[in-house]
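# Architecture at a glance
Read off the chains here:
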Amino acid sequence: MTEEKRALRKQIRETKRQFTQEELRRMSAPIMERLLAHPAVTSADTILMYYSLPDEVYTHEAVRRLAEAGKTVLLPKVISDSEMEVRLYRSDADLAEGSYGIMEPTGALFTDFAKIGTAVVPGMGFDSAGRRLGRGKGYYDRFLPKIPQAFKIGVCFDFQKLPDIPADDNDVNMDCVI
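Residues numbered from 1 in each chain as written. Predicted model: local features only at pLDDT ≥ 70, side-chain atom pairs only at ≥ 80, totals over all residues. Heavy atoms only, no water.

## Focus on the overall build of the chain
Test applied: Under the DSSP-based scheme used, a helix requires at least four consecutive residues in state H or I and a strand at least two consecutive residues in state E, with every element numbered from the N terminus. Radius of gyration here uses only the C-alpha atoms, and the compact-globule reference equals 2.2 Å multiplied by the residue count raised to the power 0.38. Only protein chains enter the area calculation, which uses a 1.4 Å probe; residues under 20% of their type maximum are buried, those over 50% are exposed, and those in between are partly exposed. When checking whether two residues touch, look at their non-hydrogen atoms; a contact exists if any pair is within 4.5 Å. The charged-residue count follows a simple rule in which Lys and Arg add positive charge and Asp and Glu add negative charge, with His and chain termini not counted at all. Lys charges are placed at NZ, Arg charges at CZ, Asp charges at CG and Glu charges at CD.
Scanning the chain from N- to C-terminus turns up five helices and 11 strands. Here the C-alpha atoms of the chain give a radius of gyration of 15 Å, agreeing with the 16 Å that 2.2 N^0.38 yields for 178 residues. Counting all 178 residues of the chain, 48% fall into the buried class. Restricting the contact set of the chain to residue pairs at least 6 apart, pairs at least 24 apart contribute 68%. Across the chain, the 25 positively charged side chains and the 27 negatively charged ones have centroids separated by 1 Å.

This is the structure:
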């Protein structure tokens, strides 16, 4: 199965390379508008978002808008080869350039996981059953079980929607994919 997942990741990476960063950002706008209008987002007080990498659905503006709207916005930060933690985001002042030139959250550590109403999750691919193909490190698959009450929304570009993603017992399904 891991070989199959590796092949799917490679295929998606190659497809992503066909688009400029400008094109990916333009393609992200309608996805983010649908996300921001989703009832699980509008009704949640505390939202786990992600601060997008250059090849992911662009979330920077949505993260700012949610914080400006008074939501408690959390961003993940990788802290080891197997773990991530979540930190509070209030404004771009809560970000600093980390390893690999990636912007990382520097806000207060957030541990009251029961308060997280919605989790917005990136992925390399998703299928119609809500199965997610991550980047292969398992950060989200280890973290998401800590927030079983959260409504999980996967976000991706159309070309990342796959007919079927192989899953094992560690994989956490999304409740919806935008």
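## Quick look at helix α2 (residues 21–37)
Applicable threshold: Multiplying one less than the number of residues by 1.5 Å gives the expected span of a helix. To get the bend at a residue, fit one axis to the 7 residues ending there and another to the 7 starting there, then take the angle between the axes.
Here α2 is 17 residues long and its end C-alpha atoms lie 24 Å apart, about the 24 Å a rise of 1.5 Å per residue gives. Taking the largest bend as the criterion, α2 deviates by roughly 30°, centred on Ala29, and proline Pro30 comes between one and four positions later. Buried within α2 are the following residues: Leu24, Ser28, Ile31, Met32, Leu35 and Leu36. Structurally, α2 contributes buried residues whose contacts are with α3 (39–42), α4 (60–68), β7 (118–121) and β10 (151–154).

## Points about the pattern of salt bridges
This is how it is decided: Whenever a carboxyl oxygen of Asp or Glu lies within 4 Å of a side-chain nitrogen of Lys or Arg, that contact is scored as a salt bridge.
In this structure the tally under the stated criterion is 15 salt bridges. Arg26 is the partner of Glu22 in a salt bridge, and the nearest nitrogen-oxygen pair spans 3.6 Å. Of the two residues, Glu22 and Arg26 are both situated in helix α2; the distance of four residues between them amounts to about one turn of the helix. Here Arg26 falls in the exposed class, since its relative accessible area comes to 52%. Salt-bridge contacts for Asp55 lead to Arg135; the nearest nitrogen and oxygen are separated by 2.6 Å. One end of the pair, Asp55, is in the loop between β1 (46–48) and α4; the other, Arg135, is in the loop between β9 (132–133) and α5 (139–143), and 80 residues separate them in sequence. Note on Arg135: relative accessible area 39%, which makes it partly exposed.

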